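# Working through the structure, step by step
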Amino acid sequence: MDKKLQLTDDILLSVEKPARYLGNEINVIHKDTSAMAIRFALCFPDVYEIGMSHVGLAILYDFLNRREDTYCERVFSPWSDLEAIMREKGLPLFALESQDPVKDFDFLGFTVQYEMSYTNILNTLDLAGMAVYSKDRKEEDPIVCAGGPCTYNPEPLADFIDFFYIGEGEATLPVILELYKAHKAQEGTKDDFLVKLLDIDGIYVPKFYDVTYKDNGEIEAFTPNHPHAKPSIKKQVVMNMTDAPYPSKPLVPLIQTVHDRVVLELFRGCSRGCRFCQAGMIYRPVREKDVDVLKKQAKELIQNTGHHEISLISLSSSDYSGLQELTEYLIDEFGNDKHVNLSLPSLRIDQFSLDIMNKVQGVRKSSITFAPEAGSQRLRDVINKGLTEEDILNGAGEAFQGGWTRVKLYFMLGLPTETFDDIDAIAKLGQDIVEEYYKLPKEVRKRRPQIVLSTSFFVPKAFTPFQWSPQNPYETFMEKQDHLNKKVNKKNIKYNCHDAKTSMLEGVIARGDRRIGQVIYAAWKNGATFDAWSEFFRFSHWDDAFNRTGIDPLFYTVRERNYEEILPWDFIDVGVTKAFLYQELQRANEGKVTPNCMDGCMNCGAKGFGGGICYVD
Ligand code: SF4
């Protein structure tokens, strides 16, 4: 029997990459929809190719579909060509597998990975034929939930989402679904269900909390308005990563996506404590997966997908205790004549990593990437990067000796305490690397070195030591970027820079409170979608939204916060304490480096989860 399709052949032939919308990939899961107790539409609010490259989505898709009573299907943002047709013809947004309208599902769950996708979330709700504000949605509409890193500060989305799950989906979703099944059998209302959710750890239902503000715009009080609403919402995590379910038959798209490869997740969390890094704090503690399990998973994944690349992912792969054993196994098992490439992002560049890369890349040497984040040692100490100039120059020198000629370096402009001397140091570091190359004997130097310096702008994030810090205003960002551009010696160095307007907006949303929801709504009404895409991003949509809502973006960006101020996300408990974060801010201001968890525990609070690296001798 032919599969039912939501879009006619005419429409499919008229849009770019129709395979985005067919839901017929290899390993796709089809279930009898009539036999399902729960139908879950899992939405990545960006285009198919981005969403399909996200391992979190693949994990949740597999995890939810392991349940016999649940059918989880995927939803992505339709590209602008299809959206125009859908709006013109009144076609509802549909899930890929069954092609049924999203409106027919029990849940619509968003995975929220970056701030610039927020207008796409509103657009998804609208395309699905639902009201974007939760208060306006109908009883028969799906329950709208959200999780993912951005939801650790859920407030900017509070008015649009029925409930948030704070932490890792694998930990919370089974409890939610069991509760929902019982609730559905009793034919309770949506509100009854939301009330029941209040008893579950890690769930935040915004409507059961009120916020009041002081005259100066700061939060005066954040108060539960229901007797069961917890004053603090504790992040839920999977402590045993080794036994955690992991997809062995992931979907294989029929069109090229951002990453066409299988992914092995080495561990969650990070022990390093970079002070700008939200992921490093919110995913604590480090929880490793057993190396034997990873070997087994690698084999299954390659067999079940036919991919030619295995990527080892984590926040800092060099810190994985079984890295040598795993990479040697993977190279033996899949390397050379088997034509499977190994990719290892997030490696520190030292001799060990270069040896691995040498084995992996062989003669086809691509580029080596460093992320010093700051040009001077002083500023690297402020941000606790734990990388010395010597590490960088030695790493680059060894890479040149090993045959690499292209070195990419990532920096941030606008880090707290930054001066123009720190910016000059970025240009100098690039030049020093060039000189490192010319230290090689002439006969070894086959071509000119290619050094690429890239800068983005620092965005302070919730749950980092810099959550209290001011962000640079737009004009300062531009001044710093121009300054660096003039300082870089363009003979051997290429300089890539970032868009400052996007970073400013990210800054507003990342530390935004509930009032920012109005701005997101107004920007979306003005036509903002796909804001993470430069070809779609129009700052004027946002500028107008700030003007019309009377909300001053500078209140959220350039303002320094006091320790006493109630921050919009203070009611979320990520394990890492506010006192620890503040102590880290003070150490940053004193230029004091804090050790890696492996070299000494600083009692950040994550030990309270009862496992992982905090308990390793
Ligand atoms: S409790 Fe100690 S070891 Fe555990 S994450 Fe925090 S600082 Fe690291």
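Residues numbered from 1 in each chain as written. Predicted model: local features only at pLDDT ≥ 70, side-chain atom pairs only at ≥ 80, totals over all residues. Heavy atoms only, no water.

Per an unreviewed UniProt entry, the protein carries the name TIGR03960 family B12-binding radical SAM protein and comes from Vallitalea pronyensis.

### Things to note about the overall build of the protein
Worth spelling out the cut-off: Helix numbering and strand numbering both begin at the N terminus, where a helix is a DSSP run of H or I of at least 4 residues and a strand a DSSP run of E of at least 2. Our radius of gyration looks at C-alpha atoms and nothing else; its globule reference is 2.2 Å times the residue count to the power 0.38. What makes two residues a contact is simply this: any of their non-hydrogen atoms within 4.5 Å. Surface accessibility in these figures is a Shrake-Rupley result with a 1.4 Å probe; residues are shielded only by whichever protein chains are displayed. Only four residue types enter the tally: Lys and Arg on the positive side, Asp and Glu on the negative side, with His and both chain ends excluded. Charge positions are represented by NZ for Lys, CZ for Arg, CG for Asp and CD for Glu.
Counting its secondary structure elements, the protein contains 20 helices and 19 strands. For the protein, the C-alpha radius of gyration of 25 Å lies close to 25 Å, the compact-globule estimate for 617 residues. Viewed in the frame of its principal axes, the protein has a C-alpha envelope of about 75 × 65 × 55 Å. Taking the contacts inside the protein whose residues are at least 6 apart along the sequence as the reference set, 76% of them involve residues at least 24 apart. Of the roughly 25200 Å² of accessible surface on the protein, 50% is carried by carbon and sulfur atoms. Positive and negative charge centroids in the protein, built from 72 and 90 side chains respectively, lie 4 Å apart.

### A short note on helix H16 (residues 500-510)
Let me state the cut-off plainly: Any residue under 20% of the maximum accessible area for its type is buried, any over 50% is exposed, and the rest in between are partly exposed; the area is computed with a 1.4 Å probe on protein chains only. Here a polar contact is recorded for every N or O atom pair within 3.5 Å, except that within protein the pair must consist of a potential hydrogen donor and a potential acceptor, and residues adjacent in sequence are included only if both atoms are side-chain atoms.
Of all eleven residues making up H16, ten are buried, and the element is well covered by its neighbours. Ala500, Thr502, Ser503, Met504, Leu505, Glu506, Gly507, Val508, Ile509 and Ala510 are the residues of H16 that are buried. Considering only its buried residues, H16 is in contact with helix H5 (118-127), strand S17 (450-457), helix H15 (474-487), helix H17 (516-525), helix H18 (539-549) and helix H19 (553-557). Between the side-chain oxygen at the start of H16 and the backbone nitrogen of Lys501 there is a gap of 3.4 Å, and the oxygen is on Asp499.

### A word on the environment of Val616
Its place among the elements puts Val616 in the segment after helix H20 (578-589). Exposure remark for Val616: the relative accessible area of 59% places this residue in the exposed category. Measuring from C-alpha to C-alpha, the distance between Val616 and Met598 comes to 8.4 Å, with 18 residues separating the pair along the chain.

### A word on a negative patch on the surface
Going by this rule: In this scheme, patches are assembled from residues that exceed 30% relative accessible area and form no salt bridge. Like charges are connected within 9 Å, while nonpolar side chains (Val, Leu, Ile, Met, Phe, Trp, Tyr) are connected within 5 Å. Criterion for a salt bridge: a side-chain nitrogen of Lys or Arg within 4 Å of a carboxyl oxygen of Asp or Glu.
Taken together, the side chains of Asp350, Asp355, Glu390 and Asp391 make up a negatively charged region of the molecular surface. In this fold, Glu390 is placed in helix H13 (residues 389-401). Residue Glu390 is classed as exposed on the basis of its relative accessible area of 57%.

### Notes on the site of the ligand
The cut-off we apply is this: Throughout this document, a residue counts as near a molecule or strand when at least one of its heavy atoms sits within 4 Å of that molecule or strand. Polar here means any residue other than Ala, Val, Leu, Ile, Met, Phe, Trp, Tyr, Cys and Pro, which are nonpolar, and Asp, Glu, Lys and Arg, which are charged; Gly is therefore polar.
Around the ligand sit Arg284, Cys597, Cys601, Met602, Asn603, Cys604, Ala606, Lys607 and Cys614, and those are all the residues in its vicinity. Taken together, the residues of the shell around the ligand sort by class into six nonpolar, one polar and two charged.

### Some thoughts on the pattern of salt bridges
Applying the stated criterion across every chain, the model contains 47 salt bridges. Residue Glu97 is joined to Arg74 by a salt bridge in which the shortest nitrogen-to-oxygen separation is 2.7 Å. Highlighted residues: Glu97 in the loop between helix H4 (80-89) and strand S3 (107-111) and Arg74 in strand S2 (residues 70-76), separated in sequence by 23 residues. The two residues Glu97 and Arg74 agree in class, both being buried. Linked through salt bridges whose partners overlap, the residues forming this network are Glu168, Glu170, Glu265, Arg268 and Arg287.

### Describing the sheet that holds S2
This is how the line gets drawn: We call two strands paired when DSSP finds no fewer than two bridges between them. In this description, a line fitted to the C-alpha atoms serves as the axis of each element, helices being fitted only across the stretch in contact, and the angle between N-to-C directions of two axes falls anywhere from 0 to 180 degrees.
Read from one edge of the open sheet, six strands run S2-S1-S3-S4-S5-S6, paired in mixed fashion. The open sheet has two edge strands with one neighbour each: S2 and strand S6 (203-204). Strand direction decides the pairing type here: strand S1 (residues 38-44) and S2, joined by seven bridges, are parallel. Note that in S2 the partner of Phe44 across the bridge is Phe76. On top of the sheet, H5 reaches S1, S3 and strand S4 (143-147); it is set at about 160° to S3, its chief contact.

### What about the nonpolar core?
The line we're drawing: To define a nonpolar core, start from buried Ala, Val, Leu, Ile, Met, Phe, Trp, Tyr and Cys residues and group those joined through side-chain atoms within 4.5 Å.
One finds Phe107, Phe110, Phe163 and Trp542 to be the most contacted residues of the largest nonpolar core, which totals 131 residues. Discounting residues that sit within four places of it in the chain, Phe110 has contacts with Cys43, Pro45, Ile121, Thr124, Leu125, Val144, Cys145, Ala146, Gly147, Ile161 and Tyr165. Counting 62 residues, the second largest nonpolar core, distinct from the first, contains Ala298, Ile392, Tyr437 and Ile451.

### Describing the state of the cysteines
Quick reminder of the rule: The rule for a disulfide is simple: a pair of cysteine sulfur atoms within 2.5 Å.
On inspection of all chains with the given rule, the structure shows zero disulfides. There is no disulfide at Cys145, and the cysteine sulfur nearest it, in Cys72, is 10 Å away.

### A short note on the packing of helix H6 (residues 169-185) against helix H7 (residues 190-197)
Where we set the bar: Note on convention: the crossing is left-handed when the near helix lies turned anticlockwise from the far helix by less than a right angle, right-handed when the turn is clockwise.
In the contact formed by H6 and H7, the axes pass within 11 Å of each other and the chain directions differ by 145°. Judged by the twist between their axes, the crossing of H6 over H7 is right-handed. Across the interface between the two elements, Ile176, Leu179, Tyr180 and His183 of H6 pack against Asp192, Phe193, Lys196 and Leu197 of H7. Of the residues contributing to the contact of H6 with H7, the split by class is five nonpolar, one polar and two charged.

### Some thoughts on H17
The buried count for H17 comes to seven of ten residues, which makes it a mostly enclosed element. Inspection of H17 places Ile516, Gly517, Val519, Ile520, Ala522, Ala523 and Trp524 among the buried residues, and these make up the whole buried set. The secondary structure elements touched by the buried residues of H17 are H5, H16, H18 and H19. At the C-terminal side of H17, Gly527 shows a positive phi close to 115°.

### Some thoughts on the packing of aromatic side chains
Stated precisely, the cut-off is as follows: Side-chain rings of Phe, Tyr and Trp, where Trp is taken by its six-membered ring, are said to pair if the distance between their centres is within 6.5 Å; with planes under 30 degrees apart they count as stacked, over 60 as edge-to-face, and otherwise as tilted. Think of it as a cone above the ring: NZ of Lys or CZ of Arg counts as a charge over the ring if it is within 6 Å of the ring centre and within 35 degrees of the ring normal.
Scanning the entire structure with this criterion turns up 33 aromatic pairs. An angle of 75° between the planes, with centres 5.3 Å apart, marks the rings of Tyr48 and Phe76 as edge-to-face. Of the two residues, Tyr48 is situated in helix H2 (residues 48-51) and Phe76 in strand S2; the sequence distance between them amounts to 28 residues. Residue Tyr48 is classed as buried on the basis of its relative accessible area, which comes to 2%. Given a relative accessible area of 7%, Phe76 falls into the buried group. Ring plane angle 35° and centroid distance 5.0 Å describe the contact between Tyr133 and Phe160, whose orientation is recorded as tilted. With Tyr133 in the loop between H5 and S4 and Phe160 in the loop between S4 and strand S5 (163-165), the pair connects residues that are 27 residues apart, well separated along the chain. A residue is classified by how much of its surface remains accessible, and Phe160, at 0% relative accessible area, is buried. Through successive ring pairs, a cluster of aromatic residues spans Phe40, Phe107, Phe163, Tyr180 and Phe193. The ring of Phe105 carries Arg39 above its face, with NZ or CZ at 4.4 Å from the centroid. The cationic tip of Lys607 hangs over the ring face of Tyr615; the distance from NZ or CZ to the ring centre is 5.6 Å.

### Topic: the packing of H16 against H18
Our working definition: The scheme is simple: roughly parallel for angles under 35 degrees, roughly antiparallel for over 145, roughly perpendicular for 65 to 115, oblique for anything else.
Two numbers describe how H16 lies on H18: the axes approach to 11 Å, and their chain directions differ by 40°. Taken together, the axes of H16 and H18 lie oblique to each other. Handedness of the H16/H18 crossing: left-handed. Contacts from Lys501, Met504, Leu505, Val508 and Ile509 in H16 reach Phe539, Trp542 and Phe546 in H18. A class-by-class count of the residues in the contact of H16 with H18 yields seven nonpolar, no polar and one charged.

### Describing the pairing of strand S10 (residues 262-265)
Alternating residues of S10 divide into Val262 and Leu264 and Val263 and Glu265, and every residue in both groups is buried. For S10 and strand S13 (residues 309-313), the ladder comprises four bridges, and the chain directions are parallel. Each residue of the ladder has a partner; that of Leu264, found in S13, is Leu312.

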